[in-house]
Structure formats: C-alpha cells, structure tokens
Amino acid sequence: MAVTEHDVRHIATLARLGLTADRVPALVAELNGILAHMDVLAKVDTSGVDPVHGVGAGGMRLRADDGEPYPMTRPRESFAPEMRDGFFLVPRLATHADEEEGA
Amino acid sequence: MTAPDATPRRWAGRYELVVGLEVHVQLRTRTKAFCNCSTDFGAPPNANTCPVCLGLPGTLPVLNYEAVVLAVRTALALGADVHDVSVFARKNYFYPDMPKGYQISQFDRPLATGGRVPIGETTDGAPLDIALTRVHMEDDAGKSVHDRFAGATAVDLNRAGTPLIEIVSEPDLRSAAEAGAYLRSLKQIVEYVGASDASMEEGSLRVDANVSARPIGETKLGTKTEIKNVNSFSAVERAIEWEFDRQCGVLAGGGRVAQQTMLWDGNRGECRPARSKEDSHDYRYFPEPDLPPLILTPEWIEARRAELPELPAARRTRLREQFGLTIADVEVLTATPEIADYFESVARVHGDARVAANWVRRDVLKAVNETGRPIAEFQLQVRPADLAALLDMTRDGVVSGSAASTIFTLMVRTGEAPRRIAEREGLLQVSDDAPLRAWVDEVFAEHPAEAERYMAGDRKLQGPLVGFVMKKSGGSADPKKVNALLAERMR
Amino acid sequence: MSPHDPGSLPVAQLAASVGAGRLGATAAVQASIDRARDVGAGRDGLNAVISSDDEAALRAAEAVDARRGDAGDAAALRLAGVPVLLKDNIATVDLPTTCGSRILEGYVSPFEATAVARLREAGAIVLGKTNMDEFAMGSSTEHSAYGPTLNPIDRTRVPGGSSGGSAAAVAAGVTRIALGSDTGGSVRQPAAFCGVVGVKPTYGRVSRHGLVAFASSLDQIGVLGRTVDDAALGLEVIAGVDPLDATSADVPMPSLRGGLAHVSDGLPLRGLRVGRAKEYFPAGLDARMREQLDAAFALLRVAGAQIVDVSLPHTELAVPVYYVIAPAEASSNLARFDGARYGARRAGAGLREMYEHTRSEGFGAEVTRRILIGTYVLSAGYYDAYYRRAQEVRGLIAQDFSRAFDTVDVLLTPTTPTPAFAIGAVSDPYEMYLNDVFTVTANLAGVPAMSLPIGHVDGLPVGAQIIAPHFGEPAMFRAAYALERALAVEAAA
C-alpha cells in the first residue's frame, strides 16, 4: 500500500506534528520505504493465533478503592508551563467547534 | 407506567423518528479509576490530581476494584450479559482535558453486551423494554473552562480519571417522550443499584442522543446526527424533537442530512452544528497495553448479582401485590429506594397501607420537595415510627383528621413525637358528650339567630355551626360527635 | 585503575566492604566522580553522562556511611555505597529526566521510578543520568537532542543505542552498573558494542512505573554491568512485583547469583541444553562474528552443556512486526507531550498551533518518523492489515520460543550482526532498524535475554546473547556465569 502526500499530511494532523510542507516529500519516501518491508506480514498464515494482548501474565490485577493519593515531591507550578489560580492554562481554542470534541 | 406518546404531529405519517442514546454515568467510588486521587466534588482546581491522572511521563494506570464492582452490578441490573474477559482500549485524540492524549475505554471486547431498560407497559400489560447494545467502562476527562481568562482555556483535571460506565442503547426509541422515559427509568435503576448519584444537573449523568429520520416503512436507518450539551431530561426531549423536525424538513425538501455533531442551545431552543468539516474522528483504538485483560469468574459475577437490591420494577410489583396499591401509587412511592423504604416502614408499623400511601404521597413528599433536601434528612425529623403513630392516633379517633394535619406540620418543624405535640397544643380529640355539649351551648348562646334558624330546620347552617364549635375547641372537638349533638337539637 | 581503587571492585564486594565499614561510601562515589572526569564522561568528552550532581551524590554517600553505625543496617544494604547511573528516561526526583529530547528539556519529575527507589533503599548512590536516543528510538545514541555519545573503545564509533550513555559509562569504568531500557535491544546491543554485560529481564520482572513509555508491551528496564555478577546483583535488587504497574508479574525473583557458586565445578553446565537456532546464523552473517559464536559454543560444550540445533521459523518476520507494533504504541504514548502541563512549550496562536509548534520543535526526525508510522498503522482502514496482523504474527514468534524451549533450556545467538559502526555511517532508517534483528524477538515474546562480551572483531568488542524462557533468568545467568568464567580462563592462558 503506497502512502501519498495527502496521507502524510492527514496523519501528521492526527498526530499534531506540525509538519512544514517542505518536509512532506522526504517523509513520504521514507515511510513508503519502511512500510514496504511490512508487506511480508500480509502473506503469513495467522489462522488460529490469538492476537497478543500484552505479554503480561494472567488477568488484570486491581487495586482497592482507598489509600492516600500518590505524592508529588514538587508542586504542579514547578513543571507547568503556565498556571493561574490553580488551573493549567493553554491558548484559547480556535473555534467553539472544538468545545465538545471530547466524549 | 404506561407507554409514552408517539411522534410529533407535524411529520406523523410521513417520517419516523429513530433515536439511540449513549449515557455516561459517573460511578460513586472514593478514588479515581486508575489512581488513588479522591473523586470528591468541589475541590480547588487540580487539587485532586497526581502524576497518574496528570499523565506525567512514566506513569501507569491500575484499575479500581470498586469501580468494577459497581459497573458489573449495574450491567446485571440492566439484564446485560457480563463477559468473563473484557479488554480495555485506548481512544486517541488531542484535547486539553485529556492529559494522556487518549482515554482508556473499551472497544471491541466490552464489559457487557445486551440488556434492556424498561420504559413502561404495552396496553395489555406486557413490559415495554428498550434494548441495550452494551455497557462498558472508561475514565472521564477533566474540565476546560473557556471564558475565565481572556485568550486562554483553563484546565481543571480534578475530574480526569473518574470512573465512568457508558450505556449504549439500540436505536429503538421512537419518540422524544420514550427517550425521556428511558432516561428516567435508567437513572432510577442506577440509583437503586447505588452505583451513582446519576444527576444530570451535577454532571454525574450525561446524555448524547443519536437522532435520525426515515420515511415511514423504510427499514434502513437514515443518517444520524449526535446531539450533545443537554443538561436535563426535558432538554433531551426538546432537543430530539427540534432535531427531528429539522431533519424531516431537509428530507422533505429533497436534501440529505449531513452527519455531524450538534450542540443543544437551551436558551435559543435549537441545535447548532458543533464543527464544520474538520477531520472526522479517527480514534485509532487499540488494546491498552498497560492493562492485561480483565478476567471475572462466573462465581464472582454471580456474587455481584446476589448483592443487587430489589430493583424498581420488582419493587413496584411487590408493593402492588403485597399492599394492594394502584399503579399510580407505586410509581410515586418507588421514585427512589429511600422513599419506598420510608413508605414501607410506615405501612408495616401502622398496618393500613392505603392510608400510609396517601400520607407519604401527599404530605411527606410535599414537605420533602419544599425543603429540596433528600428524604434521608427528612427522616431524621419525622421518623417513620412517629408518622405511623400519628396515623394510629387518627384511626383511633385520638385526634381528628384536621388536627392530624396540624400535628404533622409541627412534627416537620420540630421533630417531636405526635402525642407530645397533640397534648401540648390541646389537639387531643374531645369526644365526651359533656364538654361538647357545653361548647354547643356556648356557640348557641353566641349565635342565637343562627341557632334558632337551625333548630327550626335550616340544615344549611349545620356546617357553619360545627365550624364554630371546632374553632371554640381549638380544633380538638370530634366533628362527628359535634354533628350528632347538633342534630339532636333540631326539632 | 589500581586494585585498591573502589572503582575496580565488583559490586558485591564493594557493597560488602562499605557495609562492613572497611570502605567509605563517599570514597566509592568520589572514585566514580574522579573517573568520570578522567575519561571525560560528560558533554565535552564521551557525552555519556548528561546530568549529574556530585554534591548531592556525596551527601547521599555520607548518609549511607552514617547508617553503618546502626549495627547491621548498612550490612543489610545489598548495594551499600555502590554508585549507579540511570538512563535519562527513568524518572528521578533530583535530576532532570529529558529522554534525550528537547521536549522535556529541564523537566524534573515530581516522583521517582520504582526501580530507582529500590536501588536507593539498597544503599546505591545515583551519580547521574545518561544519554540516549530520543525517547529510546534508535540503535546508536546518535538521535539524542543533546548530541551523540561516543564509544569509549573507539571514539569514532557509536556505543549502540538507545542506552548508549549507560553502556559507554560502564565500559569506561565510571560505574560498575547502570540502568537502561530495552524495547527492541536497547540494553543488549549497546552492551555488545561497548564490551559490557547487558540484561533485559522477562517482561513484567521489573516495574515500569517511572520508565517513560516508548512501546508499553515491549519496554523493560534493564541492567548494564561490568560483569555478569554486577548485573545479577543489580537485577535482583530492582526486580519484583509493583502494585503501581499492572503489567508487573507477581513472580518472585529467585537467586541469580547462585550460578556464580558453581562455575568452578568441573562441569558447571552439566545437564544444560543450549539451542543453536539456525535463523540467527544466516548465510550473510559476518564470518568473524560466526567464528566468535562458534568458539563460545565450544566453551559451553566444554563446561558440560549439550548443544542442540533448533529452529525458530518466524524469526525473519520479527523486524517488520516490531516496526509496526513499537511505533504504534509509541505514537499513543507520546501524545501526552503537547506543552500543556509540563515540558517545553512553543507558543502558537491557538491551541492547535501550540500543540503543533511544540511537537514539531520538540521532537527529532526519528521520533517524528516513528510517530507517523505508528499513527498510520493504527489509523482507520489500516489497523487490521498492519497492527492487528502484526500482533497475530507476534503470537507466532512467541510460539516459536515456547516450542524451542521444549527441547532446550537456553539459546545462544549473536547479539548484533556487526560490531560498533562509525558515527554517521548508517543513515537509512531501515538499515538502522536491522541492527536489532537478533534482539527484537525477545521483546516480542517477552522472554529474558542478555548479552555478554565474548571477544573482538577488528579490535571491537562483540557480544553473544543468551535467551531463556519466561522467568528463566536463573538458567540464563547460570550459562552466562559459566561462559564468562570460561572466557576469562581462556584469556588468562
């Protein structure tokens, strides 16, 4: 499957990578080169194999609904790029359209 | 409960409304889904955060056992099939209130599938259920506030990581009223299970409605839009109707409905599109590598089923059969498990369920609604045993019916026992002839003209004369006896 | 280094000496600090150590020395006074954790990795953080935002990656042990290139709490050591289930150092079956590399082991499978680096631009490439063909190991196809990925694997890799101790 410039721009947007136009052609070539090596996977007979869901042993270990919150050795302000009144600040969303993107 | 009304009139006969609902419910755990931060409401911004729910580099999720318990109980109460093995998955997207850049949810192997929400009965008494597709677990996002600081969005991650369940219905709802009934029933079941406060106003229950329209007789589903930003059940109903109307207008004009997300604007009473073109969401779901599959044994699942309380439908049926109450009665009395418990306590102590039902429906709920506080608080003032005692006193003629109302009001205000109040306020019913005759004599003496006309045969004056006697007695006279004594005087 | 130099003492001996009061922890730490300066371990030299705080390290050493007063307390510290270095993707509270990236420049974590806490509890002293390929993506440590690390054996060559800084520092004698991380070979391959021991434990042996995630189902913290015993002790201390990591295994780590006790036996490996997997000895393998491995097999045979031919038929699919799964998981794990809550932020007119400027300026070329691949293979329409398919083939690779371990106890393979290459020599991304051809299989299957130096080619160290079944570290170390001993005996002769 060949990756096009449109594809690269689209996935760069999905991944918020901010690629400038001049980088796109080289990336298209690189990606196609790398992905070509993956084509061999299509020919493998995988009937009867369950996809690996994590190589960890057994079922999930759970935790009790109590205990102290995990401590931090320094306050949020020490690593946050911008905080005010306890809120993390980020630039305003460009359109109200972004408002309800979340579930 | 009977089945609610069908489609709005304008398009009736031409188009059919199809609605599916996705409901998110916050589970009432002490700590978050994947870390020990408190889920308490009202903390200062970001006070309830830690490296895990902040998504700091190097942190990992560890699932809350109680969240699984509440989720499974809810799924069982909804009649869903709880799976032995379910898998968590990452739902990837960028948003400031989503600190890891993905939500931990479930995708193709959810906690439970199937199930139903009862919304009423058909005309011949058979239950009317709306089928569910699935129930799955996920973690909540934080909150973004857009209007507090100019040019910036303020992010509070206190809510991020709160455990949620998502309940997805089949697209089987056919009217806004059915949708409202569905939500009320679902909320009630969740409250009975004790899994959540399930309050839309407080945000512990959120609704997204998928709405589409199709020509009557068409079996294929039309293009759906998703409505968000509704914050009450009635808003859900109004939004669904508005959007259906809009879609029918589009279709009737030969157009096609565009698939998009709509936001309900309660002030304007309309839906507006949430986004123009934009990349449609590609969440790139894949199994969460930080969490092995969740494995629940059949024995463990059955133990959760055994922990379920009596659910609303079953409770309604039992109260009707056991206490001989009407459908209307039980609907009100089982609105919440606490109200039903209160009623049953009073009924059992007093013995006459009909009387208890009337008092709870009328007087108790009125008082509770006036205060706006839950019945659990009301119960501290007016204990079920005390209300039962008041009903006993009324039945036994110790106080009259009107005196009982007065006493009840005072019980609500003071929390005192009814007999004490009756004694102190002089409301104990007086039934002995001697004092009653004395009051009748006094009233006749004070109102000679009316007394004379009454004795001459003017029955219309009986009521007012009884009223005078009741007033003179401070409400303690036995009205039946008074009537009888007055009648004696008539020539 | 003189034999009396604390830096030349094996870790177990150093800890015992400090615990018994024969040697001060401060002396041991000072020796490391001096050694780091002498070899130029920092930015102006090897660029292996990219952050350190000598004063803090000495103060920590003083605290360990103070504990010696409490009878037996210091003696109980299995790593008393032992200086250690940590790869810069392992969270520490006193030094930055940059992951070799601009996007975390200056970021100091407010919590510490479990593995680090265990080291400190055992009395170890953290000397500094080491350089790495950005976010552990690379096989040469040339992809660090803070410059490449040089191989101390030959400073024109790479030390391997992505744990190149840790391997180089151990090879240069700055410390005897260091922690790295291994997702596709990132501990074992630099160990082989630098001539030291590098261990990747069974997936789930060591908690990942505090390891900045690259590919969550493949990552493990690993140990680099001067000798097999150094690495064994380090691993014993950090291993064990952690309630903060749901993928950590509730399987206690048995003693690894028991293997040391038996190496002097006549036939220390009697009863051990060692597999020679034909897929790891392809026709194109460098003949001198093959020769080194043949010599190693011979030594194992002399030590009493039985050599058995086995086949792991899906081995050649491992690199494509790895380069679908690892970037996919990475693309999701790195989404959190958006400038919103921590790390470097680059301004933008709105939120979307802030994200994009931050990430385009904060991530290097290799990370960008892998995020793109990863996003692509997970995206709608491609998930089944790529990601799901790769996970299925991964199952076949894991099955290969299970079947092989029905007939043998461990495998012996080359660690890398070549010795260390020159800095700048490999520019094609896929050619770089092929460096991992012998190492990615163990990550995909979750089995433990380690590299130890077995000789030289062109004057450069080469390593052999021992692979064991899940939780088979004891057998793996047993073979490693014996091989190391046999090589030492041979070298002395």
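As the structure is a computational prediction, the values presented were derived from the model and not from experiment.

Participant: Whenever I open this one, the interface of chain A and chain C confuses me. Can you help?
Facilitator: In many reports, interface size means the accessible area that the parts give up when they come together. On the side of chain C, 66 residues touch chain A, which itself brings 49 residues to the contact. Both sides of the chain A and chain C interface together cover about 5,000 Å² of buried area, and 70% of this is carbon and sulfur. Counting the surface chain A buries against chain C, the share from its top three residues, Arg16(A), Leu41(A) and Arg61(A), is 14%. With a closest N to O distance of 2.5 Å, Glu30(A) and Arg369(C) form a salt bridge. Linking chain A with chain C are 14 residue pairs in polar contact (both at pLDDT 80 or more), by the criterion used here. Among the secondary structure elements, those contributing two or more residues to the side of chain A that touches chain C are α1 (5–14), α2 (24–38) and β2 (87–91) of chain A. The dominant element in the side of chain A that touches chain C, judged by the number of residues it contributes, is α2(A), at 7 residues. Its residues assigned to classes, the side of chain A that touches chain C comprises 33 nonpolar, 6 polar and 10 charged.

Participant: Whenever I open this one, the interface of chain B and chain A confuses me. Can you help?
Facilitator: Each side of the interface is counted separately: chain B has 62 residues, and chain A has 40 residues. Here chain B meets chain A over a buried area of about 4,700 Å², counting both sides, of which 60% is carbon and sulfur. Linking chain B with chain A are 1 salt bridge. A salt bridge links Asp85(A) to Arg148(B); its shortest N-O distance comes to 3.1 Å. In this assembly, chain B and chain A are joined by 21 residue pairs in polar contact (both at pLDDT 80 or more). Breaking the side of chain B that touches chain A down by element, the ones donating at least two residues are α1 (51–54), α2 (65–77), β4 (88–92), β10 (152–156), β15 (270–273) and β17 (294–295) of chain B. Among the elements that take part in the side of chain B that touches chain A, β10(B) stands out by supplying 5 residues, more than any other. Relative to β10(B), β2(A) runs antiparallel, the two being bridged by 4 bridges. Bridge pairing in β10(B) links Val90(A) to Thr153(B).

Participant: Before we go on, may I ask you to explain helix α14 (residues 433–446) of chain B in this structure?
Facilitator: Side chains that are three or four residues apart share a direction in an α-helix, a result of its 3.6 residues per turn. All names here are of chain B. For α14, spanning 14 residues, the distance from its first C-alpha to its last is 20 Å, which sits close to the expected 20 Å at 1.5 Å a residue. Of the residues making up α14, those classed as buried are Leu436, Trp439, Val440, Val443 and Phe444. With its buried residues spanning 140 degrees around the axis, α14 presents them on a single face. Exposed side of α14, more than 90 degrees from the buried face: Ala434 and Ala445 are the residues found there. In this structure, the buried residues of α14 make contact with α15 (448–455), α16 (462–472) and α17 (479–489).

Participant: Help me out: how do you make sense of the sheet that holds strand β6 (residues 220–225) of chain C in this one?
Facilitator: All names here are of chain C. In spatial order, the strands read β1-β3-β2-β4-β6-β5-β10-β11-β9-β7-β8; together these 11 strands make up an open sheet with mixed pairing. The open sheet is flanked by β1 (49–52) and β8 (306–310), the only strands paired with a single partner. Geometrically, the sheet is characterised by an average inter-axis angle of 30 degrees between neighbouring strands, direction not taken into account. Taken together, the 3 bridges between β1 and strand β3 (residues 125–130) define a ladder with antiparallel strand orientation.

Participant: Sorry, what's going on with the domain arrangement of chain B here?
Facilitator: Looking at the assigned domains, one finds that chain B contains domain 1 (4–300), domain 2 (310–424) and domain 3 (433–489). One C-alpha centre belongs to domain 2 of chain B, the other to domain 3 of chain B; they are set 33 Å apart.

Participant: Would you explain the sheet that holds strand β5 (residues 102–106) of chain B in this entry?
Facilitator: Neighbouring strands of a sheet are bound in pairs by backbone hydrogen bonds; such pairs are parallel or else antiparallel. All names here are of chain B. In spatial order, the strands read β5-β4-β16; together these 3 strands make up an open sheet with antiparallel pairing. The sheet terminates laterally at β5 and β16 (286–287), the two strands that pair on one side only. One ladder, built from 5 bridges, connects β4 with β5; its direction is antiparallel. In the strand pairing of β5, Lys91 is matched with Gln103.

Participant: Just checking my understanding: could you explain empty space enclosed by the protein for this structure?
Facilitator: Where empty space is left becomes clear once a probe the size of a water molecule has been rolled over the atoms. Residue and element names in this part refer to chain B. Counted under the stated rule, the structure contains 10 cavities of 30 Å³ or more. Put simply, the largest cavity is a space of about 170 Å³. Those elements giving two or more residues to the lining of the largest cavity turn out to be α1 and β5. For the lining of the largest cavity, the class distribution of residues is 11 nonpolar, 2 polar and 6 charged.

Participant: What exactly am I supposed to notice about the side chain of Glu243(B) here?
Facilitator: Mapped onto the elements, Glu243(B) comes out in helix α4 (residues 233–252). Excluding anything up to four places from it in sequence, Glu243(B) contacts Val211(B), Thr225(B), Ile227(B), Met262(B) and Cys271(B).

Participant: Help me out: how do you make sense of the state of the cysteines in this one?
Facilitator: Each disulfide consists of one covalent bond between the sulfur atoms belonging to two cysteines. Residues and elements named next belong to chain B. Considering all chains together, one arrives at 0 disulfides over all chains under this definition. A disulfide-free cysteine, Cys53 has its sulfur positioned 3.7 Å from the sulfur of Cys37, the nearest such atom. Looking at Cys53, the relative accessible area reads 8%, which means it is buried.

Cut-offs used in this document
- Residues numbered from 1 in each chain as written.
- Chains lettered and ligands numbered in written order.
- Predicted model: local features only at pLDDT ≥ 70, side-chain atom pairs only at ≥ 80, totals over all residues.
- Heavy atoms only, no water.
- Contact = heavy atoms within 4.5 Å.
- Buried area = accessible area lost by both parts, 1.4 Å probe.
- Salt bridge = Lys/Arg side-chain N within 4 Å of Asp/Glu carboxyl O.
- Polar contact = N/O pair within 3.5 Å; in protein donor to acceptor, adjacent residues only side chain to side chain.
- Helix = DSSP H or I, 4+ residues; strand = E, 2+ residues; numbered from the N terminus.
- Nonpolar A, V, L, I, M, F, W, Y, C, P; charged D, E, K, R; others polar.
- Pairing = 2+ DSSP bridges.
- Expected span 1.5 Å × (residues − 1).
- Buried < 20%, exposed > 50% of the residue type's maximum accessible area, 1.4 Å probe, protein only.
- Arc of directions from axis to C-beta.
- Axes fitted to C-alpha atoms, helices over the stretch in contact; angles between N-to-C directions.
- Domains from an automatic or database assignment.
- 1 Å grid on protein atoms, 1.4 Å probe; cavity = no way out; pocket = protein on both sides within 12 Å on 5 of 7 lines; lining within 4 Å.
- Points joined across faces, edges and corners; volume = space filled by probe spheres on them.
- Disulfide = S-S within 2.5 Å.

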